[in-house]
Amino acid sequence: MAGLTDAPRLGRFPAPSHVIAHLSDLHLLAGGAELGGRVDTVAALEQAVRQLERLGPMLDAIVVTGDVADLGESDAYHRARAALEPLAVRAGAELVWVIGNHDERGPFREALLDARPGADDDGESPLHRVTTVDGLRIITLDVTVPGWHHGDVTGEAVSWLAQVLAEPAPAGSVLAMHHAPIASPLALMDVLELRGQDALAEVLVGSDVRLILGGHLHYPTNGTFAGIPVSVAGAIAYTLDPSAAPRSLVGIDGGRSFSLAYLRADGATTAVVPVGDHPVVAEFGSDFLDEIERVDPVGRLERFSRKQAP
């Protein structure tokens, strides 16, 4: 965040108060095995980490919205943590894990949250958590249904969330959950959607939640829920193709992405980051930005906005 807030602003919008890297659906397997025998999810995550390294201290949090593992294997969680935790430490960012429908609460809890079930806990209790970053409250809501792939906002989850939101946070809240409350045009995905959305909306209306982060859909998309912006990150593992033929569900080995969320006092914006080493077709480096910052607003428009004669 310091890299953004300390730099001169060239436009009307102020620097964001918080920057969140939002990853989802890693689908790692034990031993680093390829997903479906063909998709190298380990390499995809490593590529995403390399790209996030460029942002360094700009990041305040790294939020992973579920399906960290494909089969809930302990080794898969340890691999995810080994890839992302050093990045978070170097960036000075909080690392926030959200459980998804492919995850298993026991191994997830032990490998990622350093928690073991207590005397009155069978290890299957919901993994709701709260993390605070410079006044911003990141609320992790577990909407998974053990043994099933759809999501559900249970009465227990509603009660817990209501208690958390009863007192506003200094910089507001971000709600992170795997099954986002947003419609999908893809056939069959509505079978696996989030249930209990009406009860969730009742809790969120009038709250300090500024943004909802989700995953599950395997393609980046945005919408609103209860008047709150919703941002769904694309998957690291593979992408579901929204352009596939109607009534079909097609996963492709490509189109991977993660998102960046920028929170400002007047709202939030998100950006989709394509994962991969792609050819550069245009670039303005830091030297050019230095030049622009040295001149007044009129000079900036003259230098960068005026169209050049052919």
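Preceding this paragraph is the structure being described.
Values in this document were obtained by computation on a predicted structure and should not be read as measured data.

Asks: For this particular structure, what's the right way to read the sheet that holds strand β4 (residues 129-133)?
Replies: By definition, the strands of a sheet pair up through backbone hydrogen bonds, in either a parallel or an antiparallel sense. Reading across the sheet, the 6 strands line up as β4-β5-β7-β9-β11-β10 and stay open at both edges, with mixed pairing between neighbours. In this open sheet, the two edge strands, each paired with only one partner strand, are β4 and β10 (221-225). Sheet twist, expressed as the average angle between the axes of neighbouring strands with direction ignored, equals 25°. Bridge analysis of strand β5 (residues 136-140) against strand β7 (residues 173-179) gives 4 bridges, and the strand direction is parallel. Among the inter-strand pairings, Arg137 is bridged to a residue of β7, identified as Ser173. Packed on one face of the sheet, helix α5 (residues 155-165) meets β4, β5, β7 and β9 (209-215) and runs near 175° to β5.

Asks: For this particular structure, what's the right way to read the packing of helix α2 (residues 41-53) against helix α3 (residues 74-91)?
Replies: Each pair of packed helices can be summarised by the angle the axes make with each other and by the distance between the axes. Taken N-terminus to C-terminus, the directions of α2 and α3 make an angle of 0°; their axes are 10 Å apart at the nearest point. In this view, α2 runs roughly parallel relative to α3, as classed from their interaxial angle. On α3, the residues that touch Leu45, Val49, Leu52 and Glu53 of α2 are Ala80, Ala83, Leu84, Leu87 and Arg90. Class assignment for the residues of the contact of α2 with α3 results in 7 nonpolar, no polar and 2 charged.

Asks: Is there a simple way to think about the pairing of strand β15 (residues 267-274) in this case?
Replies: Relative to β15, strand β14 (residues 257-264) is paired through 8 bridges, and the arrangement is antiparallel. Within β15, the residue paired with Ala261 across the bridge is Thr270. Turn length for the β14-β15 hairpin, with the two strands adjacent in sequence and antiparallel, is 2 residues.

Thresholds, definitions, all that
- Residues numbered from 1 in each chain as written.
- Predicted model: local features only at pLDDT ≥ 70, side-chain atom pairs only at ≥ 80, totals over all residues.
- Heavy atoms only, no water.
- Pairing = 2+ DSSP bridges.
- Helix = DSSP H or I, 4+ residues; strand = E, 2+ residues; numbered from the N terminus.
- Axes fitted to C-alpha atoms, helices over the stretch in contact; angles between N-to-C directions.
- Contact = heavy atoms within 4.5 Å.
- Parallel < 35°, antiparallel > 145°, perpendicular 65-115°, else oblique.
- Nonpolar A, V, L, I, M, F, W, Y, C, P; charged D, E, K, R; others polar.

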